[in-house]
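Observations on the three-dimensional arrangement
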Amino acid sequence: MSQTASLETRGPVGGTPQARRVAVGSGVGAVIETYDFIGFGTAAALYFGTAFFPEGDALTGTLLSFATLGVGFAARPIGGIIGGHLGDRVGRKPVLVASLIIMGLATFVIGLLPTYATVGIVAPILLVTVRIVQGLAFGAEWGGAILMTYEHAPWNRKGAFTGIVQSGFPVGLLLANLVFLISVHLPGDWAWRVPFLASIVLVVVGLIIRAKVPESPVFEDVKTQGIVLKAPIIDVIRNDWRNVLRGIGLRIPETAGYAVSVTYLISYLNTNELTESWQTLTALCIAAGIGVFATWGWARLTDSIGRRPIYIVVTAVAVVWGFVMFLGVNTGLFPVIILVIVLSYAVFQNALAGAQGPWFPELFTANTRTSGASLAYQISAMVSGFTPFITTLLFGAFGWVGPAGLFALYGAIGLVAALSTPETWTKANREAADRATREAGIPVLR
């Protein structure tokens, strides 16, 4: 029998006085870590194939570059397990601060790494090592940020508040691509070094903000009641493995779909000379700018209609979108390419990410919530991490139909997962939350 969070384990009815500060603080951290992690993906698609690997054909360099990108994603479940364990044992806040420091230092170091032309095989080894550290930090980040925000937020506005955190990811994407758009005009390796070196400024700002964020009231209650588990990850796997599997299935179309429709697509456009680098980055910046508001809007909508309906509709449409997406960019028309990238991001990624913010925490009980949500979220990231590598192989074998079919498959997996996952924010729950909110003398908002 699946365990799901009752209303009483979701924090104070009207949220805490610090709810907005927590949401903003968690969101700022998400901006920074996404800037760091996604910036690597952009650099991998545009620069790392030639900077860190032996000279050869372009396809081989791209494959090796994307394989390195995937290593970071493969490390994320380990980071999620460590961060989830500490979040359920020690607290949500320490995980937030530690993950930000580790990610920031690792990203800064990437900007200092020597290239293959300078030190040979040592260069890709160093790159892979630092990428693993990035993956561990990013894996620990999401669960703490979402859980802190979720547990501070009002009962009937969990989507709106967690949407602030989820919106941090498109902000980070926007910043990363804006910096790369500017740095593309710099000479030689500085075109990719500057974005990584500049991230240290964001890290300092993020640490100042996160230092003032209070611990989760739900975790404090768990400690007071003496129900902190010694091995929360083992407990969640033993008692709630179905929801872990559901969470993995739910996230695959969002994270792995993004890997096809954005990470791989920018390489596809570049390799096939459908656009110039500045055009691709411009399209990404437009999509990310819209995505900031789209993510929050989708998340807020879940407070009114539930988490599940959005997932079912979007994943169903995703089954055919993969083919439409490639047919669109193959025209080589810049306005069409912009439209395709914007729709791929603002609808097929942002809608699912917005719904995940409140839905994943609600699938698990308070004392295993960080472990359960992080495990589901980060295991699916492994699929995403190696998707650009797989799509490159599929393109080599089947042309653009291969990547398009993979995107459709991811949509189908998400649809099956959504149909098999219970709604955690039912009409009955919404009405009960509204009654409790009124009884507490708080205006009912959505």
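Residues numbered from 1 in each chain as written. Predicted model: local features only at pLDDT ≥ 70, side-chain atom pairs only at ≥ 80, totals over all residues. Heavy atoms only, no water.

Here helix H5 (residues 122-152) crosses helix H14 (residues 369-398) at 130 degrees, and the two axes come no closer than 9 Å. In terms of orientation, H5 lies oblique with respect to H14. In terms of crossing hand, the pair formed by H5 and H14 is right-handed. Each of Phe138, Gly139, Trp142, Gly143, Gly144, Leu147, Tyr150 and Glu151 in H5 lies in contact with H14, whose residues at this interface are Arg369, Thr370, Ala373, Ser374, Tyr377 and Gln378. Residues of the contact of H5 with H14, tallied by class, amount to six nonpolar, six polar and two charged. (Axes fitted to C-alpha atoms, helices over the stretch in contact; angles between N-to-C directions. Helix = DSSP H or I, 4+ residues; strand = E, 2+ residues; numbered from the N terminus. Parallel < 35°, antiparallel > 145°, perpendicular 65-115°, else oblique. Left-handed = near helix turned anticlockwise from the far one by under 90°. Contact = heavy atoms within 4.5 Å. Nonpolar A, V, L, I, M, F, W, Y, C, P; charged D, E, K, R; others polar.)

Moving on, we come to a nonpolar patch on the surface. Residues Val119, Ile121, Val122, Ile125 and Leu126 make up a contiguous nonpolar surface patch of about 400 Å² in total accessible area. Counting residues per element, the nonpolar patch draws most heavily on H5, at three residues. Checked against the element boundaries, Ile121 lands in the loop between helix H4 (116-119) and H5. (Patch = residues over 30% accessible without salt bridge, like charges linked within 9 Å, V, L, I, M, F, W, Y side chains within 5 Å. Areas by Shrake-Rupley, 256 points an atom, 1.4 Å probe, with all protein chains shown as cover. Salt bridge = Lys/Arg side-chain N within 4 Å of Asp/Glu carboxyl O.)

This part is about the side chain of Asn350. Examined against the element boundaries, Asn350 turns out to sit in helix H13 (residues 334-362). The class of Asn350 is buried, set by a relative accessible area of 0%. Ignoring anything within four residues of it in the chain, the contact list for Asn350 reads Gly291, Ala294, Thr295, Trp298 and Tyr345. (Buried < 20%, exposed > 50% of the residue type's maximum accessible area, 1.4 Å probe, protein only.)

Here we take up the environment of Val133. Note that Val133 resides in helix H5. The exposure class of Val133 is partly exposed, given its relative accessible area of 31%. Setting aside its immediate chain neighbours within four residues, Val133 contacts Ile102 and Ala106.

Turning our eyes to something else, we now look at the pattern of salt bridges. This model, assessed by the stated rule, comprises five salt bridges. Among the ionic pairs, Asp189 bridges to Arg193, the shortest N-O distance being 4.0 Å. Between Glu362 and Arg307 there is a salt bridge, with the nearest N and O atoms lying 2.8 Å from each other. With a gap of 55 residues between them, Glu362 in helix H13 and Arg307 in the loop between helix H11 (277-305) and helix H12 (308-329) connect regions that are remote in the sequence. A relative accessible area of 0% means that Glu362 is categorised as buried.

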